[in-house]
Amino acid sequence: MSSRILNLHLVSDSTGETLNSIARATLARFAEAHVVHHRWSLVRSHLQLEQVLEGIKAEPGPVMFTLVDRSLRHALEGVCQQLGIAHLSVLDPVMELLQTQLGQQAREKRAAQYVLDADYFRRIDAMHYVLAHDDGQGVAGIEEADCVLVGVSRSSKTPTCFYLANRGIKAANVPIVPGAALPEELLNPPCPVIGLTIATDALIDIRRHRLKIIGAGGVRQDTNEYVDFEAVKSEIQAARRLCTTHGWPVIDVTRRSIEETAATVLQLMEAWHARRSLGGGGNPAPKPGMIGA
(Lines give C-alpha, C1' and ligand atoms only; values in the text may rest on other atoms or scores of the structure.)
Protein backbone atom coordinates (compact mmCIF):
# COMPACT_ATOMS: atom_id res chain seq x y z
CA MET A 1 0.00 0.00 0.00
CA SER A 2 1.50 3.31 -1.12
CA SER A 3 1.65 6.21 1.33
CA ARG A 4 2.42 8.76 -1.37
CA ILE A 5 0.09 11.75 -1.41
CA LEU A 6 -0.93 13.07 -4.82
CA ASN A 7 -1.89 16.72 -5.24
CA LEU A 8 -4.58 17.00 -7.91
CA HIS A 9 -5.38 20.49 -9.19
CA LEU A 10 -8.79 21.06 -10.80
CA VAL A 11 -8.88 24.39 -12.65
CA SER A 12 -12.09 25.70 -14.18
CA ASP A 13 -13.47 28.97 -15.53
CA SER A 14 -16.90 27.92 -14.23
CA THR A 15 -18.19 26.14 -11.12
CA GLY A 16 -15.89 23.15 -11.59
CA GLU A 17 -18.70 20.60 -11.35
CA THR A 18 -17.62 18.87 -14.55
CA LEU A 19 -14.06 18.40 -13.26
CA ASN A 20 -15.29 17.29 -9.84
CA SER A 21 -17.54 14.66 -11.40
CA ILE A 22 -14.80 13.31 -13.65
CA ALA A 23 -12.25 13.21 -10.82
CA ARG A 24 -14.71 11.53 -8.46
CA ALA A 25 -15.71 8.90 -11.03
CA THR A 26 -12.14 8.00 -11.97
CA LEU A 27 -10.60 8.09 -8.50
CA ALA A 28 -13.27 5.68 -7.29
CA ARG A 29 -11.24 3.00 -9.09
CA PHE A 30 -8.18 3.72 -6.97
CA ALA A 31 -9.28 2.61 -3.53
CA GLU A 32 -5.89 3.06 -1.82
CA ALA A 33 -4.96 6.37 -3.43
CA HIS A 34 -4.18 9.34 -1.19
CA VAL A 35 -5.33 12.33 -3.22
CA VAL A 36 -5.55 15.93 -2.07
CA HIS A 37 -7.90 17.94 -4.26
CA HIS A 38 -7.10 21.57 -4.99
CA ARG A 39 -10.19 23.11 -6.57
CA TRP A 40 -9.77 26.37 -8.47
CA SER A 41 -13.10 27.59 -9.85
CA LEU A 42 -14.26 30.72 -11.69
CA VAL A 43 -10.75 31.38 -13.00
CA ARG A 44 -11.45 34.05 -15.63
CA SER A 45 -8.56 36.50 -15.48
CA HIS A 46 -4.78 36.38 -15.54
CA LEU A 47 -4.72 37.75 -11.99
CA GLN A 48 -6.83 34.81 -10.81
CA LEU A 49 -4.68 32.42 -12.82
CA GLU A 50 -1.54 33.75 -11.12
CA GLN A 51 -2.98 32.62 -7.78
CA VAL A 52 -3.63 29.19 -9.27
CA LEU A 53 -0.09 28.94 -10.61
CA GLU A 54 1.35 29.89 -7.23
CA GLY A 55 -0.71 27.12 -5.68
CA ILE A 56 0.50 24.59 -8.23
CA LYS A 57 4.13 25.60 -7.68
CA ALA A 58 3.73 25.33 -3.90
CA GLU A 59 2.10 21.88 -4.06
CA PRO A 60 3.01 20.32 -7.43
CA GLY A 61 0.73 17.71 -8.90
CA PRO A 62 -1.20 16.87 -12.08
CA VAL A 63 -3.56 19.51 -13.41
CA MET A 64 -6.95 18.86 -14.98
CA PHE A 65 -8.60 21.91 -16.44
CA THR A 66 -11.52 23.31 -18.41
CA LEU A 67 -10.52 26.76 -19.65
CA VAL A 68 -12.04 28.27 -22.78
CA ASP A 69 -9.97 31.46 -22.90
CA ARG A 70 -6.95 30.65 -25.11
CA SER A 71 -4.56 33.03 -23.36
CA LEU A 72 -5.36 31.50 -19.97
CA ARG A 73 -4.95 28.00 -21.36
CA HIS A 74 -1.59 28.79 -22.93
CA ALA A 75 -0.34 30.43 -19.74
CA LEU A 76 -1.37 27.44 -17.62
CA GLU A 77 0.06 24.92 -20.09
CA GLY A 78 3.31 26.88 -20.35
CA VAL A 79 3.92 26.85 -16.60
CA CYS A 80 3.01 23.16 -16.34
CA GLN A 81 5.51 22.34 -19.09
CA GLN A 82 8.24 24.37 -17.38
CA LEU A 83 7.62 22.53 -14.10
CA GLY A 84 7.32 19.16 -15.78
CA ILE A 85 3.79 18.72 -14.43
CA ALA A 86 1.27 16.53 -16.24
CA HIS A 87 -1.78 18.48 -17.41
CA LEU A 88 -4.93 17.70 -19.34
CA SER A 89 -7.78 19.70 -20.84
CA VAL A 90 -10.45 17.11 -20.09
CA LEU A 91 -13.03 18.24 -22.65
CA ASP A 92 -10.66 18.44 -25.63
CA PRO A 93 -10.90 14.75 -26.70
CA VAL A 94 -14.70 14.91 -26.61
CA MET A 95 -14.76 18.23 -28.47
CA GLU A 96 -12.45 16.89 -31.18
CA LEU A 97 -14.57 13.76 -31.61
CA LEU A 98 -17.81 15.73 -31.93
CA GLN A 99 -16.29 18.36 -34.22
CA THR A 100 -15.13 15.60 -36.55
CA GLN A 101 -18.46 13.80 -36.51
CA LEU A 102 -20.61 16.94 -36.78
CA GLY A 103 -18.38 18.68 -39.28
CA GLN A 104 -18.39 21.98 -37.43
CA GLN A 105 -16.34 23.85 -34.86
CA ALA A 106 -17.49 24.15 -31.25
CA ARG A 107 -18.26 27.62 -29.98
CA GLU A 108 -15.67 29.14 -27.70
CA LYS A 109 -18.16 30.07 -25.03
CA ARG A 110 -17.19 30.07 -21.37
CA ALA A 111 -19.48 28.02 -19.09
CA ALA A 112 -21.98 27.53 -21.88
CA GLN A 113 -23.66 24.75 -19.91
CA TYR A 114 -24.71 27.18 -17.19
CA VAL A 115 -26.56 29.68 -19.37
CA LEU A 116 -29.98 30.52 -17.92
CA ASP A 117 -31.84 28.76 -20.69
CA ALA A 118 -35.04 26.71 -20.79
CA ASP A 119 -33.22 23.66 -19.46
CA TYR A 120 -32.04 25.58 -16.39
CA PHE A 121 -35.54 26.77 -15.55
CA ARG A 122 -36.89 23.27 -16.15
CA ARG A 123 -34.55 21.95 -13.45
CA ILE A 124 -35.57 24.70 -11.04
CA ASP A 125 -39.24 23.98 -11.73
CA ALA A 126 -38.64 20.27 -11.11
CA MET A 127 -36.93 21.06 -7.79
CA HIS A 128 -39.94 23.09 -6.65
CA TYR A 129 -42.20 20.24 -7.72
CA VAL A 130 -40.27 17.69 -5.65
CA LEU A 131 -40.47 19.92 -2.58
CA ALA A 132 -44.23 20.26 -2.97
CA HIS A 133 -44.83 16.54 -3.64
CA ASP A 134 -42.49 14.86 -1.17
CA ASP A 135 -43.64 11.99 1.05
CA GLY A 136 -47.21 11.89 -0.26
CA GLN A 137 -47.81 15.64 -0.23
CA GLY A 138 -49.86 17.26 -2.96
CA VAL A 139 -51.13 13.98 -4.44
CA ALA A 140 -53.60 15.96 -6.55
CA GLY A 141 -50.61 17.26 -8.52
CA ILE A 142 -49.43 13.78 -9.50
CA GLU A 143 -50.97 14.34 -12.94
CA GLU A 144 -48.14 16.81 -13.58
CA ALA A 145 -45.42 14.34 -12.53
CA ASP A 146 -42.93 12.74 -14.91
CA CYS A 147 -42.72 9.75 -12.57
CA VAL A 148 -43.82 8.63 -9.12
CA LEU A 149 -41.65 6.66 -6.70
CA VAL A 150 -43.34 4.47 -4.10
CA GLY A 151 -41.88 2.47 -1.25
CA VAL A 152 -41.75 1.98 2.50
CA SER A 153 -40.43 4.70 4.77
CA ARG A 154 -36.67 5.39 4.45
CA SER A 155 -36.19 3.53 1.17
CA SER A 156 -34.37 6.53 -0.42
CA LYS A 157 -37.38 7.92 -2.28
CA THR A 158 -36.73 11.56 -1.38
CA PRO A 159 -32.99 11.79 -2.24
CA THR A 160 -33.64 9.96 -5.50
CA CYS A 161 -36.37 12.46 -6.38
CA PHE A 162 -34.06 15.39 -5.71
CA TYR A 163 -31.36 13.84 -7.85
CA LEU A 164 -33.89 13.38 -10.67
CA ALA A 165 -35.01 16.99 -10.26
CA ASN A 166 -31.47 18.08 -11.04
CA ARG A 167 -31.99 16.31 -14.36
CA GLY A 168 -35.22 18.25 -14.90
CA ILE A 169 -37.50 15.35 -13.92
CA LYS A 170 -40.63 16.12 -11.87
CA ALA A 171 -40.67 13.19 -9.48
CA ALA A 172 -43.29 12.75 -6.79
CA ASN A 173 -42.93 10.16 -4.07
CA VAL A 174 -45.63 8.36 -2.10
CA PRO A 175 -44.94 6.22 0.98
CA ILE A 176 -46.44 2.75 1.25
CA VAL A 177 -47.74 2.64 4.82
CA PRO A 178 -49.01 -0.59 6.38
CA GLY A 179 -52.80 -0.54 6.59
CA ALA A 180 -53.14 2.71 4.62
CA ALA A 181 -54.70 2.87 1.17
CA LEU A 182 -52.82 4.32 -1.78
CA PRO A 183 -54.02 7.66 -3.18
CA GLU A 184 -56.69 7.27 -5.87
CA GLU A 185 -54.42 9.16 -8.25
CA LEU A 186 -52.18 6.08 -8.44
CA LEU A 187 -54.95 3.73 -9.52
CA ASN A 188 -54.73 5.08 -13.07
CA PRO A 189 -51.44 7.00 -13.10
CA PRO A 190 -50.60 9.35 -15.99
CA CYS A 191 -46.89 8.58 -15.65
CA PRO A 192 -44.65 5.65 -14.73
CA VAL A 193 -44.86 4.46 -11.13
CA ILE A 194 -41.72 2.75 -9.81
CA GLY A 195 -41.27 0.96 -6.51
CA LEU A 196 -38.14 1.11 -4.37
CA THR A 197 -37.32 -1.70 -1.98
CA ILE A 198 -34.44 -2.50 0.35
CA ALA A 199 -33.11 -5.38 2.42
CA THR A 200 -34.65 -5.72 5.88
CA ASP A 201 -31.37 -5.42 7.83
CA ALA A 202 -30.28 -2.38 5.87
CA LEU A 203 -33.63 -0.64 6.36
CA ILE A 204 -33.62 -1.29 10.10
CA ASP A 205 -30.13 0.22 10.40
CA ILE A 206 -31.27 3.33 8.51
CA ARG A 207 -34.40 3.67 10.63
CA ARG A 208 -32.52 3.27 13.90
CA HIS A 209 -30.10 5.97 12.82
CA ARG A 210 -33.06 8.15 11.93
CA LEU A 211 -34.61 7.65 15.37
CA LYS A 212 -31.36 8.73 17.01
CA ILE A 213 -31.19 11.87 14.87
CA ILE A 214 -34.73 12.97 15.71
CA GLY A 215 -34.19 12.29 19.40
CA ALA A 216 -36.32 9.18 19.70
CA GLY A 217 -33.88 7.47 22.02
CA GLY A 218 -36.69 6.80 24.48
CA VAL A 219 -38.43 4.48 22.03
CA ARG A 220 -37.84 0.82 22.78
CA GLN A 221 -36.22 -0.13 19.52
CA ASP A 222 -36.47 -3.86 20.22
CA THR A 223 -40.27 -3.77 20.29
CA ASN A 224 -41.10 -0.77 18.13
CA GLU A 225 -42.60 -2.06 14.86
CA TYR A 226 -40.70 0.66 13.00
CA VAL A 227 -37.47 -1.25 13.63
CA ASP A 228 -38.72 -4.72 14.63
CA PHE A 229 -37.22 -7.27 12.24
CA GLU A 230 -40.35 -9.33 11.59
CA ALA A 231 -42.56 -6.25 11.32
CA VAL A 232 -40.20 -4.52 8.90
CA LYS A 233 -39.80 -7.71 6.86
CA SER A 234 -43.58 -8.03 6.53
CA GLU A 235 -43.84 -4.34 5.62
CA ILE A 236 -41.31 -4.72 2.80
CA GLN A 237 -42.97 -7.89 1.49
CA ALA A 238 -46.40 -6.25 1.52
CA ALA A 239 -45.03 -3.26 -0.41
CA ARG A 240 -43.47 -5.55 -3.03
CA ARG A 241 -46.75 -7.47 -3.42
CA LEU A 242 -48.58 -4.18 -3.89
CA CYS A 243 -46.20 -3.16 -6.67
CA THR A 244 -46.53 -6.57 -8.34
CA THR A 245 -50.33 -6.31 -8.19
CA HIS A 246 -50.25 -2.99 -10.02
CA GLY A 247 -47.53 -4.07 -12.44
CA TRP A 248 -45.05 -1.49 -11.16
CA PRO A 249 -41.36 -2.34 -11.61
CA VAL A 250 -39.32 -2.46 -8.42
CA ILE A 251 -35.71 -1.42 -7.87
CA ASP A 252 -33.70 -2.93 -5.03
CA VAL A 253 -31.69 0.00 -3.65
CA THR A 254 -29.82 -1.96 -0.97
CA ARG A 255 -26.43 -1.82 -2.70
CA ARG A 256 -27.11 1.04 -5.06
CA SER A 257 -26.01 4.65 -4.83
CA ILE A 258 -28.60 7.36 -5.40
CA GLU A 259 -27.02 8.01 -8.80
CA GLU A 260 -27.39 4.35 -9.80
CA THR A 261 -31.00 4.23 -8.62
CA ALA A 262 -31.82 7.41 -10.55
CA ALA A 263 -30.19 6.04 -13.69
CA THR A 264 -32.36 2.91 -13.46
CA VAL A 265 -35.45 5.07 -12.92
CA LEU A 266 -34.65 6.97 -16.12
CA GLN A 267 -34.29 3.68 -18.02
CA LEU A 268 -37.65 2.45 -16.73
CA MET A 269 -39.25 5.79 -17.68
CA GLU A 270 -37.94 5.43 -21.23
CA ALA A 271 -39.30 1.88 -21.41
CA TRP A 272 -42.69 3.09 -20.13
CA HIS A 273 -42.92 5.79 -22.79
CA ALA A 274 -41.78 3.34 -25.47
CA ARG A 275 -44.66 1.02 -24.58
CA ARG A 276 -47.09 3.94 -24.64
CA SER A 277 -45.92 5.00 -28.08
CA LEU A 278 -46.52 1.45 -29.32
CA GLY A 279 -49.98 1.43 -27.80
CA GLY A 280 -49.10 -1.14 -25.17
CA GLY A 281 -50.15 0.90 -22.17
CA GLY A 282 -47.97 2.44 -19.50
CA ASN A 283 -47.67 -0.28 -16.90
CA PRO A 284 -46.18 -3.65 -17.80
CA ALA A 285 -47.86 -6.88 -16.91
CA PRO A 286 -46.94 -7.96 -13.40
CA LYS A 287 -43.77 -10.07 -13.37
CA PRO A 288 -41.92 -11.80 -10.57
CA GLY A 289 -38.59 -10.52 -9.35
CA MET A 290 -37.18 -7.03 -9.39
CA ILE A 291 -34.31 -4.97 -10.69
CA GLY A 292 -31.16 -5.34 -8.67
CA ALA A 293 -32.49 -8.25 -6.62
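What you are looking at is a predicted structure, and each value in this text was computed from that prediction instead of being measured.

I would appreciate a short explanation of the pairing of strand β6 (residues 171-175) in the present structure.
Strand residues, when the strand is regular, have side chains that alternate between the two faces of the sheet. Burial runs high along β6: four of the five residues are buried. In terms of strand pairing, strand β5 (residues 147-151) meets β6 through five bridges, oriented parallel. By the bridge assignment, Val 150 is partnered in β6 with Val 174. At this point the chain moves from β5, through helix α6 (residues 157-165), to the parallel β6, and the crossover so formed is right-handed.

Before we go on, may I ask you to explain the sheet that holds strand β1 (residues 5-12) in this structure?
By way of backbone hydrogen bonds, the strands of a sheet pair with one another, either parallel or antiparallel. Spatially, β2-β1-β3-β4 is the arrangement adopted by the four strands of the open sheet, whose pairing is parallel. A single partner strand is all that each edge strand has here, and the edge strands are β2 (34-40) and β4 (87-89). In this sheet, neighbouring strand axes are inclined to one another by 20° on average, regardless of whether the strands run parallel or antiparallel. Pairing between β1 and strand β3 (residues 63-66): four bridges, direction parallel. Looking at the pairing, Ser 12 lines up with Thr 66 of β3.

I would appreciate a short explanation of the sheet that holds strand β7 (residues 193-197) in the present structure.
Spatially, four strands are ordered β6-β5-β7-β8 in an open sheet, and the strand pairing comes out parallel. Strands with a single pairing partner mark the edges of an open sheet, and in this sheet they are β6 and β8 (250-252). Strand-to-strand, the axes of this sheet are offset by a mean angle of 25°, without reference to chain direction. By the bridge criterion, three bridges tie β7 to β8 in an arrangement that is parallel. By the bridge assignment, Thr 197 is partnered in β8 with Asp 252.

What should I look at first to understand a nonpolar patch on the surface in this one?
Taken together, the side chains of Val 94, Leu 97, Leu 98 and Leu 102 make up a nonpolar region of the molecular surface, amounting to roughly 380 Å² of accessible area. Relative accessible area serves as the criterion here: at 45%, Val 94 is assigned to the partly exposed category.

What is the right way to read the packing of α6 against helix α9 (residues 258-277) from this model?
For any two helices packed against each other, one specifies the inter-axial angle together with the distance between the axes. Taken N-terminus to C-terminus, the directions of α6 and α9 make an angle of 65°; their axes are 9 Å apart at the nearest point. When the axis of α6 is compared with that of α9, the two are roughly perpendicular. Handedness of the α6/α9 crossing: right-handed. Residue-level contacts link Pro 159, Thr 160, Tyr 163 and Leu 164 of α6 to Ile 258, Glu 259, Thr 261, Ala 262, Val 265 and Leu 266 of α9. Of the residues in the contact of α6 with α9, the class split is seven nonpolar, two polar and one charged.

Help me understand empty space enclosed by the protein, please; the structure alone is not making it clear to me.
Over the atoms rolls a probe the size of a water molecule, and its path tells where empty space is left. Counted according to the given criterion, the structure contains one cavity of 30 Å³ or more. Space inside the largest cavity adds up to approximately 60 Å³. In terms of lining, the largest cavity is formed by Gly 151, Val 152, Ile 176, Leu 196, Thr 197, Ile 198, Ile 236, Ala 239, Arg 240, Cys 243 and Val 250. Counting only elements with at least two residues in the lining of the largest cavity, the list comes to β7 and α8 (229-246). Of the residues forming the lining of the largest cavity, the biggest block, four residues, is contributed by α8. Split by residue class, the lining of the largest cavity holds eight nonpolar, two polar and one charged.

Hey, could you run me through the side chain of Thr 200 in this one?
Secondary-structure assignment places Thr 200 in helix α7 (residues 200-213). Residue classification places Thr 200 among the buried positions, given a relative accessible area of 14%. For Thr 200, the residues in contact, after removing those within four places along its chain, are Phe 229, Val 232, Lys 233 and Ile 236.

Reading the values: the criteria
- Residues numbered from 1 in each chain as written.
- Predicted model: local features only at pLDDT ≥ 70, side-chain atom pairs only at ≥ 80, totals over all residues.
- Heavy atoms only, no water.
- Buried < 20%, exposed > 50% of the residue type's maximum accessible area, 1.4 Å probe, protein only.
- Helix = DSSP H or I, 4+ residues; strand = E, 2+ residues; numbered from the N terminus.
- Pairing = 2+ DSSP bridges.
- Right-handed = clockwise from strand over helix to strand, strands pointing away.
- Axes fitted to C-alpha atoms, helices over the stretch in contact; angles between N-to-C directions.
- Patch = residues over 30% accessible without salt bridge, like charges linked within 9 Å, V, L, I, M, F, W, Y side chains within 5 Å.
- Areas by Shrake-Rupley, 256 points an atom, 1.4 Å probe, with all protein chains shown as cover.
- Salt bridge = Lys/Arg side-chain N within 4 Å of Asp/Glu carboxyl O.
- Parallel < 35°, antiparallel > 145°, perpendicular 65-115°, else oblique.
- Left-handed = near helix turned anticlockwise from the far one by under 90°.
- Contact = heavy atoms within 4.5 Å.
- Nonpolar A, V, L, I, M, F, W, Y, C, P; charged D, E, K, R; others polar.
- 1 Å grid on protein atoms, 1.4 Å probe; cavity = no way out; pocket = protein on both sides within 12 Å on 5 of 7 lines; lining within 4 Å.
- Points joined across faces, edges and corners; volume = space filled by probe spheres on them.

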